[in-house]
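Structure at a glance
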Amino acid sequence: MEAYLHPHYYEIALAPDDPVRELDFFEAAIAKFSRAKAHRVFELGAGTAPYLEEWHRRGYTYCGLDLSPAMIEFSRDKARRQGIDACFVLGDMRDLDRDLGPFDLAYVSLGSLYVRSNREFLDHLGRLAGLLAPGGLYLLDSFVWFRIFHDYKRSWTRRRGGVRVHTRYRVEMLDPVAQTYNEWLTFTVNDHGKDFIIEGRVPAKVFFPQEFLCLVELSGRFEFVGWYSDFSFTAEVKPDGRHVVILRKRQAL
Ligand SMILES: C[S@@+](CC[C@H](N)C(=O)[O-])C[C@H]1O[C@@H](n2cnc3c(N)ncnc32)[C@H](O)[C@@H]1O
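Residues numbered from 1 in each chain as written. Predicted model: local features only at pLDDT ≥ 70, side-chain atom pairs only at ≥ 80, totals over all residues.

Attention now goes to the overall build of the protein chain. Looking only at helices and strands, one finds six helices and 11 strands in the protein chain. Here the C-alpha radius of gyration of the protein chain, 18 Å, is about what a compact globule of 253 residues would show, namely 18 Å. When the backbone C-alpha atoms are referred to their principal axes, the protein chain occupies close to 60 × 45 × 35 Å. Relative to its full complement of 253 residues, the protein chain shows a buried share of 36%. In the protein chain, once contacts between residues fewer than 6 apart in sequence are set aside, the share between residues at least 24 apart is 67%. (Helix = DSSP H or I, 4+ residues; strand = E, 2+ residues; numbered from the N terminus. Rg over C-alpha atoms; globule rule 2.2 N^0.38 Å. Buried ≥ 20, exposed ≤ 12 C-beta atoms within 10 Å, placed from the backbone. Contact = placed C-beta atoms within 7 Å.)

If you want it as C-alpha coordinates, here you go:
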(Lines give C-alpha, C1' and ligand atoms only; values in the text may rest on other atoms or scores of the structure.)
Protein backbone atom coordinates (compact mmCIF):
# COMPACT_ATOMS: atom_id res chain seq x y z
CA MET A 1 0.00 0.00 0.00
CA GLU A 2 3.01 2.32 0.38
CA ALA A 3 2.42 3.95 -3.02
CA TYR A 4 -1.09 4.87 -1.89
CA LEU A 5 0.23 6.77 1.11
CA HIS A 6 1.61 9.51 -1.17
CA PRO A 7 -1.36 11.10 -2.94
CA HIS A 8 0.64 14.05 -4.33
CA TYR A 9 2.94 11.75 -6.29
CA TYR A 10 0.09 9.37 -7.11
CA GLU A 11 -1.86 12.24 -8.67
CA ILE A 12 1.06 13.27 -10.86
CA ALA A 13 1.61 9.65 -11.93
CA LEU A 14 -1.96 8.48 -12.52
CA ALA A 15 -4.32 11.39 -13.09
CA PRO A 16 -6.73 10.49 -15.94
CA ASP A 17 -5.75 11.62 -19.44
CA ASP A 18 -9.18 12.95 -20.30
CA PRO A 19 -11.65 13.04 -17.37
CA VAL A 20 -14.26 14.89 -19.45
CA ARG A 21 -14.35 12.22 -22.16
CA GLU A 22 -14.32 9.42 -19.57
CA LEU A 23 -17.25 10.92 -17.66
CA ASP A 24 -19.06 11.58 -20.94
CA PHE A 25 -18.96 7.80 -21.36
CA PHE A 26 -20.15 7.16 -17.78
CA GLU A 27 -23.00 9.64 -18.25
CA ALA A 28 -23.97 8.12 -21.59
CA ALA A 29 -24.02 4.69 -19.86
CA ILE A 30 -26.39 6.09 -17.24
CA ALA A 31 -28.67 7.55 -19.93
CA LYS A 32 -28.63 4.30 -21.91
CA PHE A 33 -28.83 1.64 -19.23
CA SER A 34 -29.64 2.93 -15.76
CA ARG A 35 -33.15 2.38 -14.47
CA ALA A 36 -32.45 4.58 -11.46
CA LYS A 37 -32.31 8.34 -11.72
CA ALA A 38 -28.62 8.94 -11.05
CA HIS A 39 -27.70 11.66 -8.62
CA ARG A 40 -25.45 10.12 -5.92
CA VAL A 41 -22.29 8.41 -7.19
CA PHE A 42 -19.99 6.16 -5.18
CA GLU A 43 -16.35 5.40 -6.04
CA LEU A 44 -14.61 2.41 -4.45
CA GLY A 45 -10.84 2.72 -4.05
CA ALA A 46 -11.32 6.44 -4.71
CA GLY A 47 -7.70 7.49 -4.19
CA THR A 48 -7.32 11.15 -5.16
CA ALA A 49 -10.93 11.26 -6.43
CA PRO A 50 -9.87 12.15 -9.98
CA TYR A 51 -13.41 12.72 -11.28
CA LEU A 52 -14.64 14.71 -8.29
CA GLU A 53 -14.73 18.13 -9.99
CA GLU A 54 -16.27 16.74 -13.16
CA TRP A 55 -19.06 14.92 -11.29
CA HIS A 56 -19.75 18.10 -9.32
CA ARG A 57 -19.79 20.26 -12.46
CA ARG A 58 -22.42 17.92 -13.91
CA GLY A 59 -24.66 18.13 -10.82
CA TYR A 60 -23.89 14.78 -9.15
CA THR A 61 -23.08 14.22 -5.49
CA TYR A 62 -19.85 12.32 -4.98
CA CYS A 63 -18.84 9.87 -2.26
CA GLY A 64 -15.45 8.10 -2.27
CA LEU A 65 -14.20 5.22 -0.12
CA ASP A 66 -10.55 4.34 0.38
CA LEU A 67 -8.39 2.34 2.75
CA SER A 68 -5.58 4.91 2.79
CA PRO A 69 -5.98 7.73 5.34
CA ALA A 70 -3.60 9.89 3.25
CA MET A 71 -5.78 9.50 0.15
CA ILE A 72 -8.96 10.32 2.08
CA GLU A 73 -7.39 13.40 3.65
CA PHE A 74 -6.01 14.58 0.28
CA SER A 75 -9.40 14.23 -1.46
CA ARG A 76 -11.33 15.74 1.41
CA ASP A 77 -8.99 18.71 1.33
CA LYS A 78 -9.36 19.03 -2.46
CA ALA A 79 -13.17 19.13 -2.11
CA ARG A 80 -12.97 21.64 0.73
CA ARG A 81 -10.68 23.95 -1.26
CA GLN A 82 -13.07 23.88 -4.21
CA GLY A 83 -16.19 24.30 -2.11
CA ILE A 84 -17.56 20.90 -3.21
CA ASP A 85 -19.88 19.15 -0.79
CA ALA A 86 -18.75 15.52 -1.05
CA CYS A 87 -18.32 12.61 1.32
CA PHE A 88 -15.12 10.63 1.93
CA VAL A 89 -15.10 7.40 3.86
CA LEU A 90 -12.07 5.64 5.29
CA GLY A 91 -12.73 1.93 5.00
CA ASP A 92 -12.11 -1.41 3.35
CA MET A 93 -14.13 -2.10 0.21
CA ARG A 94 -14.34 -5.78 1.22
CA ASP A 95 -16.29 -4.80 4.28
CA LEU A 96 -18.83 -2.30 3.01
CA ASP A 97 -20.89 -0.83 5.79
CA ARG A 98 -24.66 -1.06 5.51
CA ASP A 99 -24.92 2.50 6.83
CA LEU A 100 -23.32 3.87 3.64
CA GLY A 101 -25.50 4.95 0.77
CA PRO A 102 -27.94 4.77 -0.77
CA PHE A 103 -26.22 5.45 -4.11
CA ASP A 104 -27.57 5.51 -7.66
CA LEU A 105 -24.29 4.57 -9.37
CA ALA A 106 -21.12 2.84 -8.13
CA TYR A 107 -17.81 2.47 -9.93
CA VAL A 108 -14.17 1.46 -9.69
CA SER A 109 -11.51 2.84 -12.00
CA LEU A 110 -8.05 1.55 -12.92
CA GLY A 111 -8.97 -1.94 -11.75
CA SER A 112 -9.26 -0.84 -8.13
CA LEU A 113 -11.48 -3.65 -6.90
CA TYR A 114 -9.15 -5.60 -4.63
CA VAL A 115 -10.85 -8.89 -3.86
CA ARG A 116 -8.78 -12.03 -3.39
CA SER A 117 -11.17 -14.86 -4.20
CA ASN A 118 -14.44 -15.65 -5.96
CA ARG A 119 -16.07 -15.86 -2.53
CA GLU A 120 -14.93 -12.32 -1.69
CA PHE A 121 -16.18 -11.06 -5.05
CA LEU A 122 -19.62 -12.61 -4.50
CA ASP A 123 -19.73 -11.18 -0.99
CA HIS A 124 -18.76 -7.79 -2.43
CA LEU A 125 -21.55 -7.88 -5.02
CA GLY A 126 -24.06 -8.74 -2.30
CA ARG A 127 -22.90 -5.91 -0.04
CA LEU A 128 -22.72 -3.37 -2.86
CA ALA A 129 -26.21 -4.30 -4.05
CA GLY A 130 -27.39 -3.41 -0.54
CA LEU A 131 -26.15 0.17 -1.06
CA LEU A 132 -27.38 0.71 -4.62
CA ALA A 133 -30.78 1.84 -5.84
CA PRO A 134 -32.67 -0.85 -7.81
CA GLY A 135 -31.78 -0.51 -11.49
CA GLY A 136 -28.60 1.44 -10.62
CA LEU A 137 -25.37 0.72 -12.48
CA TYR A 138 -22.04 -0.64 -11.29
CA LEU A 139 -19.19 0.29 -13.68
CA LEU A 140 -15.91 -1.62 -13.42
CA ASP A 141 -12.97 -0.14 -15.32
CA SER A 142 -9.98 -2.43 -16.00
CA PHE A 143 -11.13 -5.12 -13.56
CA VAL A 144 -11.69 -8.08 -15.90
CA TRP A 145 -8.55 -9.44 -17.62
CA PHE A 146 -8.97 -9.64 -21.39
CA ARG A 147 -5.36 -10.60 -22.11
CA ILE A 148 -4.68 -14.09 -20.89
CA PHE A 149 -1.09 -14.43 -22.13
CA HIS A 150 0.45 -11.11 -21.22
CA ASP A 151 3.05 -9.90 -18.74
CA TYR A 152 1.09 -6.84 -17.53
CA LYS A 153 4.03 -4.43 -17.21
CA ARG A 154 4.00 -0.73 -17.98
CA SER A 155 6.14 2.27 -17.19
CA TRP A 156 5.94 5.97 -17.93
CA THR A 157 7.20 9.35 -16.68
CA ARG A 158 5.24 12.49 -15.84
CA ARG A 159 6.33 15.87 -14.55
CA ARG A 160 4.57 18.66 -12.71
CA GLY A 161 5.89 21.78 -10.95
CA GLY A 162 9.46 20.66 -10.26
CA VAL A 163 8.50 17.05 -9.53
CA ARG A 164 9.23 14.11 -11.83
CA VAL A 165 7.61 10.74 -11.19
CA HIS A 166 8.66 7.67 -13.12
CA THR A 167 6.01 4.99 -12.58
CA ARG A 168 6.42 1.27 -12.97
CA TYR A 169 3.37 -0.99 -12.82
CA ARG A 170 3.80 -4.73 -12.78
CA VAL A 171 1.98 -7.85 -11.84
CA GLU A 172 3.60 -10.77 -10.00
CA MET A 173 1.66 -14.01 -10.12
CA LEU A 174 1.38 -15.67 -6.71
CA ASP A 175 -0.71 -18.79 -7.10
CA PRO A 176 -1.83 -19.87 -10.58
CA VAL A 177 -4.51 -22.17 -9.19
CA ALA A 178 -6.07 -19.56 -6.90
CA GLN A 179 -5.39 -17.01 -9.71
CA THR A 180 -3.88 -14.59 -7.18
CA TYR A 181 -1.25 -11.95 -7.87
CA ASN A 182 0.49 -8.97 -6.33
CA GLU A 183 -0.01 -5.64 -8.05
CA TRP A 184 3.21 -3.65 -7.67
CA LEU A 185 3.39 0.09 -8.14
CA THR A 186 6.78 1.83 -7.95
CA PHE A 187 7.30 5.59 -8.08
CA THR A 188 10.85 6.78 -8.69
CA VAL A 189 10.57 10.40 -7.65
CA ASN A 190 12.70 13.45 -8.15
CA ASP A 191 11.13 16.19 -6.03
CA HIS A 192 12.99 19.46 -6.64
CA GLY A 193 16.32 17.64 -6.90
CA LYS A 194 15.69 15.09 -4.13
CA ASP A 195 15.56 11.45 -5.29
CA PHE A 196 13.69 8.60 -3.64
CA ILE A 197 11.66 5.49 -4.40
CA ILE A 198 8.20 4.62 -3.16
CA GLU A 199 6.93 1.11 -3.71
CA GLY A 200 3.66 -0.58 -2.85
CA ARG A 201 2.02 -3.94 -3.33
CA VAL A 202 -1.63 -4.94 -3.16
CA PRO A 203 -2.70 -8.60 -3.40
CA ALA A 204 -5.69 -9.41 -5.61
CA LYS A 205 -7.19 -12.07 -7.86
CA VAL A 206 -7.42 -12.34 -11.64
CA PHE A 207 -10.95 -12.46 -13.09
CA PHE A 208 -11.28 -13.65 -16.67
CA PRO A 209 -14.33 -12.73 -18.78
CA GLN A 210 -16.20 -16.03 -18.69
CA GLU A 211 -15.73 -16.64 -14.96
CA PHE A 212 -16.76 -13.03 -14.32
CA LEU A 213 -20.04 -13.64 -16.19
CA CYS A 214 -20.69 -16.84 -14.20
CA LEU A 215 -20.04 -15.08 -10.89
CA VAL A 216 -22.33 -12.17 -11.74
CA GLU A 217 -25.07 -14.64 -12.65
CA LEU A 218 -24.44 -16.66 -9.50
CA SER A 219 -24.67 -13.53 -7.33
CA GLY A 220 -28.26 -13.04 -8.46
CA ARG A 221 -27.99 -9.36 -7.51
CA PHE A 222 -26.76 -7.86 -10.79
CA GLU A 223 -27.37 -8.38 -14.47
CA PHE A 224 -24.60 -8.08 -17.02
CA VAL A 225 -25.19 -5.19 -19.45
CA GLY A 226 -21.99 -5.34 -21.52
CA TRP A 227 -18.28 -4.67 -21.82
CA TYR A 228 -16.84 -1.78 -23.76
CA SER A 229 -13.41 -0.68 -24.95
CA ASP A 230 -11.70 2.65 -24.48
CA PHE A 231 -14.71 4.59 -23.21
CA SER A 232 -16.68 4.00 -26.40
CA PHE A 233 -19.92 2.15 -27.17
CA THR A 234 -18.84 1.43 -30.73
CA ALA A 235 -15.16 0.45 -30.47
CA GLU A 236 -14.48 -3.25 -31.01
CA VAL A 237 -13.74 -5.09 -27.75
CA LYS A 238 -10.18 -6.26 -28.26
CA PRO A 239 -7.76 -7.79 -25.74
CA ASP A 240 -5.70 -4.62 -25.41
CA GLY A 241 -6.99 -1.20 -24.40
CA ARG A 242 -9.11 -0.23 -21.43
CA HIS A 243 -12.30 -2.13 -20.69
CA VAL A 244 -15.31 -0.97 -18.76
CA VAL A 245 -17.82 -3.60 -17.68
CA ILE A 246 -21.35 -2.44 -16.95
CA LEU A 247 -23.57 -4.25 -14.45
CA ARG A 248 -27.06 -3.24 -13.38
CA LYS A 249 -28.59 -4.03 -10.02
CA ARG A 250 -31.60 -6.27 -10.45
CA GLN A 251 -34.91 -4.78 -9.50
CA ALA A 252 -36.97 -6.58 -6.85
CA LEU A 253 -39.23 -9.31 -8.25
C1 LIG B 1 -5.08 2.40 -8.40
S2 LIG B 1 -5.65 3.41 -7.09
C3 LIG B 1 -7.07 4.11 -7.85
C4 LIG B 1 -7.45 5.46 -7.34
C5 LIG B 1 -8.53 6.17 -8.15
N6 LIG B 1 -9.74 5.41 -8.22
C7 LIG B 1 -8.05 6.48 -9.55
O8 LIG B 1 -8.71 6.08 -10.52
O9 LIG B 1 -7.02 7.16 -9.68
C10 LIG B 1 -6.31 2.22 -5.96
C11 LIG B 1 -6.85 2.80 -4.67
O12 LIG B 1 -7.51 1.72 -3.96
C13 LIG B 1 -7.22 1.85 -2.58
N14 LIG B 1 -7.42 0.52 -1.95
C15 LIG B 1 -6.62 -0.58 -2.02
N16 LIG B 1 -7.17 -1.61 -1.34
C17 LIG B 1 -8.33 -1.14 -0.83
C18 LIG B 1 -9.36 -1.72 -0.03
N19 LIG B 1 -9.29 -2.99 0.37
N20 LIG B 1 -10.43 -0.95 0.31
C21 LIG B 1 -10.51 0.35 -0.10
N22 LIG B 1 -9.57 0.95 -0.85
C23 LIG B 1 -8.50 0.22 -1.22
C24 LIG B 1 -5.81 2.38 -2.52
O25 LIG B 1 -5.53 3.03 -1.29
C26 LIG B 1 -5.79 3.34 -3.73
O27 LIG B 1 -6.11 4.65 -3.34
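Continuing now.
When its domains are assigned, the protein chain resolves into domain 1 (2-145 + 207-249) and domain 2 (153-205). Relative placement of domain 1 and domain 2: their C-alpha centres are 21 Å apart. Counting residues at the interface gives 12 residues for domain 1, matched by 16 residues for domain 2. (Domains from an automatic or database assignment.)

Each regular strand shows side chains that alternate between the opposite faces of the sheet. Counting buried positions over the five residues of strand β1 (residues 40-44) gives five, a clear majority of the element. A crossover links β1 with its parallel partner strand β2 (residues 61-66), the connecting element being helix α3 (residues 52-57), and its sense is right-handed. The sheet contact formed by β1 and strand β4 (residues 103-108) spans three bridges and is parallel. Its bridge partner lying in β4, E43 is registered against Y107. (Right-handed = clockwise from strand over helix to strand, strands pointing away. Pairing = 2+ DSSP bridges.)

To continue, consider the environment of E172. Position of E172 relative to the elements: it lies in strand β7 (residues 163-175). Linking E172 and R201, residues 29 residues apart in sequence, is a C-alpha distance of 9.7 Å. If near-sequence neighbours (up to four positions away) are discounted, E172 is found in contact with Y181, N182 and W184.

On to the nonpolar core. Counting residues in hydrophobic clusters, the biggest one holds 66 residues, and the most contacted among them are A106, Y138 and L139. The dominant element in this core, judged by the number of residues it contributes, is strand β5 (residues 132-141), at six residues. Both domain 1 (2-145 + 207-249) and domain 2 (153-205) contribute no fewer than three residues apiece to this core. In contact with L139, not counting residues within four places along its chain, are F26, A29, Y107, V244 and I246. (Core = buried A, V, L, I, M, F, W, Y, C linked by C-beta atoms within 7 Å.)

Ordered in space as β3-β2-β1-β4-β5-β11-β10, the seven strands form an open sheet in which the pairing is mixed. The outermost strands of the open sheet, each flanked by one partner alone, are β3 (87-90) and β10 (222-229). Pairs of neighbouring strands in the sheet enclose a mean axial angle of 20°, with direction left out of account. Summarising the sheet, β1 and β2 pair through five bridges and their orientation is parallel. Its bridge partner being in β2, F42 is matched across the sheet by C63. Helix α2 (residues 19-33) rests against β4, β5, β10 and β11 (243-249) of the sheet, and its axis sits at about 140° to β5. The strands touched by helix α5 (residues 118-129) within the sheet are β4, β5, β10 and β11, with β5 carrying the most contacts at an inclination of about 135°. (Axes fitted to C-alpha atoms, helices over the stretch in contact; angles between N-to-C directions.)

Taken across its eight residues, strand β6 (residues 153-160) has zero buried, putting it largely on the surface. Two elements, β6 and β7, share eight bridges in a ladder whose sense is antiparallel. From the neighbouring strand, K153 faces β7, where its bridge partner is R170. From the end of β6 to the start of β7, which pair antiparallel, there are two residues, and G161 there has a positive phi angle of about 45°.

Attention now moves to the packing of α5 against helix α6 (residues 209-219). Taken N-terminus to C-terminus, the directions of α5 and α6 make an angle of 50°; their axes are 10 Å apart at the nearest point. Taken together, α5 and α6 sit at an angle that is classed as oblique. α5 and α6 meet at a crossing whose hand is right-handed. Contacts between α5 and α6 pair N118, F121, L122, L125 and G126 from the former with L215, L218 and S219 from the latter. Class assignment for the residues of the contact of α5 with α6 results in five nonpolar, three polar and no charged. (Parallel < 35°, antiparallel > 145°, perpendicular 65-115°, else oblique. Left-handed = near helix turned anticlockwise from the far one by under 90°. Nonpolar A, V, L, I, M, F, W, Y, C, P; charged D, E, K, R; others polar.)

So, on to the sheet that holds strand β8 (residues 180-191). Here we have four strands laid out as an open sheet, ordered β6-β7-β8-β9, and antiparallel in their pairing. Each edge of the open sheet carries a strand with a single partner, namely β6 and β9 (194-205). Going across the sheet, the axis of each strand differs from the next one's by a mean of 15°, ignoring polarity. Strand direction decides the pairing type here: β8 and β9, joined by 12 bridges, are antiparallel. Across the sheet, T188 pairs through a bridge with I197, a residue of β9. Helix α1 (residues 7-14) contacts β6, β7, β8 and β9 of the sheet and is inclined by roughly 85° relative to β7.

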